[in-house]
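Residue strings, one per chain:
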Amino acid sequence: LAKTTQPISMDSYEGQEVNITCSHNNIATNDYITWYQQFPSQGPRFIIQGYKTKVTNEVASLFIPADRKSSTLSLPRVSLSDTAVYYCLVGQRGAGTALIFGKGTTLSVSS
Amino acid sequence: DTGVSQDPRHKITKRGQNVTFRCDPISEHNRLYWYRQTLGQGPEFLTYFQNEAQLEKSRLLSDRFSAERPKGSFSTLEIQRTEQGDSAMYLCASSKAGTGASYNEQFFGPGTRLTVL
């Protein structure tokens, strides 16, 4: 399984755009990149998934360069409620097995 | 609410006691997972069911841990002879296989926080 590396923590202010970068140098051809969000005392929640280039949904955008060795989760105009831990995961689509979480990035948004 | 539910939400027990947790997955999901999360760490996989079959177990799942999913619906996780090191959040997740949807999107419950005194 490809290992991921992401910053332990990030700070931001309300209204700013936040970009969290994840490194996955050993990503395999069949691997997808997925991000989960976790609020305190809750289970993780799926945010976004991509294979290459750019994916956007109502919550975030995911940028993946051509070599796919890294990816960037972009949160536009964050609010206090975006304070959470964000996990970058790499794995095969539809694998149906365990998700492998690292320590994630703790994002703190202040007013 | 049609999400994943877990019961109880909190459990305090004394070392050496047995505890059992329950997870009710989203009704049409045939895959069910158990994870354990300690403070400051991401969730760690424990075991996984497809319908009633337990298909994968982590090395973290010692002999004191047992999980069942009778009839492929709800699941229980039992810990026998609890130890202080078992204190953690136990998370359950479910997913639907074979839909061709996004990569193994798992829907997590709120977790059961276990404290072993």
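Residue numbers restart at each chain and count upward from 1, following the sequence in its written direction. Numbering of ligands from 1 and lettering of chains from A proceed in the order in which they are written. Local features in a predicted model are, by the rule used here, given only for residues with pLDDT of at least 70; side-chain atom pairs are given and counted only at 80 or more, and totals for whole chains, interfaces and linings are based on all residues. For the side-chain quantities, the full set of heavy atoms in the structure was used; hydrogens and water were omitted.

### Describing the interface of chain B and chain A
Phase 1 of the analysis: Only heavy atoms matter for contacts: two residues are in contact if any of them lie within 4.5 Å across the pair. Listed by partner, the interface residues are 24 residues for chain B and 23 residues for chain A.
Phase 2 of the analysis: What counts as buried area is the accessible surface, traced by a 1.4 Å probe, that two parts surrender upon association, with contributions from both included. Between chain B and chain A, a total of about 1800 Å² is buried, with carbon and sulfur atoms accounting for 53% of that surface.
Phase 3 of the analysis: Salt bridge criterion: a side-chain nitrogen from Lys or Arg within 4 Å of a carboxyl oxygen from Asp or Glu. Inspection of the chain B/chain A interface yields zero salt bridges.
Phase 4 of the analysis: We call two N or O atoms a polar contact when they sit within 3.5 Å, provided that within protein one can donate a hydrogen and the other can accept it, with sequence-adjacent residues counted only if both atoms are side-chain atoms. Here chain B is connected to chain A by six residue pairs in polar contact (both at pLDDT 80 or more).
Phase 5 of the analysis: Elements that contribute at least two residues to the side of chain B that touches chain A include exactly β4 (31-37), β5 (44-50) and β9 (88-95) of chain B.
Phase 6 of the analysis: Put simply, DSSP H or I for four residues or longer makes a helix, DSSP E for two residues or longer makes a strand, and each gets a number counted from the N terminus. By residue number, the principal contributor to the side of chain B that touches chain A is β4(B), which donates four residues.
Phase 7 of the analysis: Only Asp, Glu, Lys and Arg are considered charged in this grouping, and only Ala, Val, Leu, Ile, Met, Phe, Trp, Tyr, Cys and Pro are considered nonpolar; every other residue, Gly among them, is considered polar. Looking at the side of chain B that touches chain A, its residues break down into eleven nonpolar, nine polar and four charged.

### Some thoughts on the nonpolar core
Phase 1 of the analysis: Only buried Ala, Val, Leu, Ile, Met, Phe, Trp, Tyr and Cys residues count toward a nonpolar core, and they belong to the same one when joined by side-chain atoms within 4.5 Å. Accessibility here uses a 1.4 Å probe with only protein chains present; expressed as a share of the type maximum, an area under 20% marks a residue as buried, one over 50% as exposed, and anything in between as partly exposed. By size, the foremost hydrophobic cluster in this structure holds 20 residues, and its most contacted members are Ile33(A), Trp35(A), Ile47(A), Leu73(A), Leu75(A) and Tyr86(A).
Phase 2 of the analysis: Taken together, the elements giving at least two residues each to this core come down to β2 (18-23), β3 (31-38), β4 (45-50), β6 (61-64), β7 (70-75), β8 (84-92) and β9 (105-110) of chain A.
Phase 3 of the analysis: Considering every element that reaches this core, the biggest residue donor is β8(A), with four residues.
Phase 4 of the analysis: Ignoring anything within four residues of it in the chain, the contact list for Leu73(A) reads Val18(A), Asn19(A), Ile20(A), Trp35(A), Ile47(A), Ile48(A), Ala60(A), Ser61(A), Leu62(A) and Tyr86(A).
Phase 5 of the analysis: Among the nonpolar cores identified, the runner-up in size contains 19 residues, and Leu32(B), Leu46(B), Leu77(B) and Tyr90(B) belong to it.

### Topic: the sheet that holds strand β1 (residues 9-13) of chain A
Residues and elements named next belong to chain A.
Phase 1 of the analysis: Here, any two strands with at least 2 DSSP bridges between them count as paired. Taken together, the five strands give an open sheet; going across it, the order is β1-β9-β8-β3-β4, and neighbouring strands pair in mixed fashion. Sheet topology places β1 and β4 at the edges, where each strand pairs with a single neighbour. Neighbour to neighbour, the strand axes of the sheet diverge by 25 degrees on average, direction disregarded.
Phase 2 of the analysis: Of the strand pairs in this sheet, β3 and β8 are connected by eight bridges, and their pairing is antiparallel. Paired with Tyr32 across the two strands is Gly91, which belongs to β8. Here the axes come from fitting lines to C-alpha atoms, over the contacting stretch only for helices, and the angles between their N-to-C directions go from 0 to 180 degrees.

### A look at the pattern of salt bridges
Residues and elements named next belong to chain B.
Phase 1 of the analysis: Evaluation of the coordinates by the stated rule reveals three salt bridges over all chains.
Phase 2 of the analysis: Linking Asp24 and Arg22 is a salt bridge whose minimum nitrogen-to-oxygen distance equals 2.7 Å.
Phase 3 of the analysis: Among the ionic pairs, Arg64 bridges to Glu83, the shortest N-O distance being 3.4 Å. With a gap of 19 residues between them, Arg64 in the loop between β6 (53-57) and β7 (65-68) and Glu83 in the loop between β8 (75-79) and β9 connect regions that are remote in the sequence.
Phase 4 of the analysis: Note on Glu83: relative accessible area 40%, which makes it partly exposed.
Phase 5 of the analysis: What emerges from the salt-bridge pattern is a single network uniting Arg64, Glu83 and Asp86.

### Things to note about the side chain of Ser61(A)
Phase 1 of the analysis: Secondary-structure assignment places Ser61(A) in strand β6.
Phase 2 of the analysis: What Ser61(A) contacts, discounting residues up to four positions off in sequence, is Ile48(A), Lys54(A), Val55(A), Thr56(A), Thr72(A), Leu73(A) and Ser74(A).

### Focus: the state of the cysteines
Residue and element names in this part refer to chain A.
Phase 1 of the analysis: Disulfides are defined as pairs of cysteine sulfur atoms found within 2.5 Å of each other. Within the structure shown, the criterion is met by two disulfides over all chains.
Phase 2 of the analysis: Between Cys22 and Cys88 runs a disulfide, and the two sulfur atoms are separated by 2.2 Å. Disulfide Cys22-Cys88: torsion about the S-S bond near -80 degrees, hence left-handed. Pair noted here: Cys22 is in strand β2 and Cys88 is in strand β8, with a separation of 66 residues, a long-range link.
Phase 3 of the analysis: The class for Cys22 is buried, based on a relative accessible area of 0%.

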